[in-house]
Amino acid sequence: MLPRLVVEPPDENNLRRVRWKGAPIGVAHRVSDITVFLTAAGMLDAEDLDLTDPELVEWRGGGPETWAESPL
């Protein structure tokens, strides 16, 4: 089974595009953004999702710990 959530590598602005079931759902700056996107996409238990589960999430260009420093 292919992962249903794909998080792309950071782009030149250190943002990561996120797709759920093949559809783009947002551009994340931090891991917590993914939960917000999934909730907005209709997932009721998004806050309970294990983002380290490789059967559910495909992290490209680094895992959930790979995020750019905030410019603020």
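Look above for the structure.
Quantities reported herein were computed from a predicted structural model and do not represent experimental measurements.

Moving on, we get to the side chain of D33. Inspection of the secondary structure assignment puts D33 in helix α1 (residues 31–40). For D33, a relative accessible area of 16% puts it in the buried group. A distance of 2.7 Å separates a polar side-chain atom of D33 from the backbone nitrogen of H29.

Regarding α1, the residues found buried are D33, I34, F37 and L38. Burial along α1 is one-sided: seen end-on, the buried residues are contained in an arc of 135°. α1 presents V36 and A40 as exposed residues on the side facing more than 90 degrees away from its buried surface. Next to the buried residues of α1 lie β1 (5–7), β2 (16–20), β3 (23–28) and β4 (57–59). Immediately beyond the C-terminal end of α1, within one or two residues, lies G42, with a positive phi of roughly 105°.

Definitions and cut-offs
Residues numbered from 1 in each chain as written. Predicted model: local features only at pLDDT ≥ 70, side-chain atom pairs only at ≥ 80, totals over all residues. Heavy atoms only, no water. Helix = DSSP H or I, 4+ residues; strand = E, 2+ residues; numbered from the N terminus. Buried < 20%, exposed > 50% of the residue type's maximum accessible area, 1.4 Å probe, protein only. Polar contact = N/O pair within 3.5 Å; in protein donor to acceptor, adjacent residues only side chain to side chain. Arc of directions from axis to C-beta. Contact = heavy atoms within 4.5 Å.

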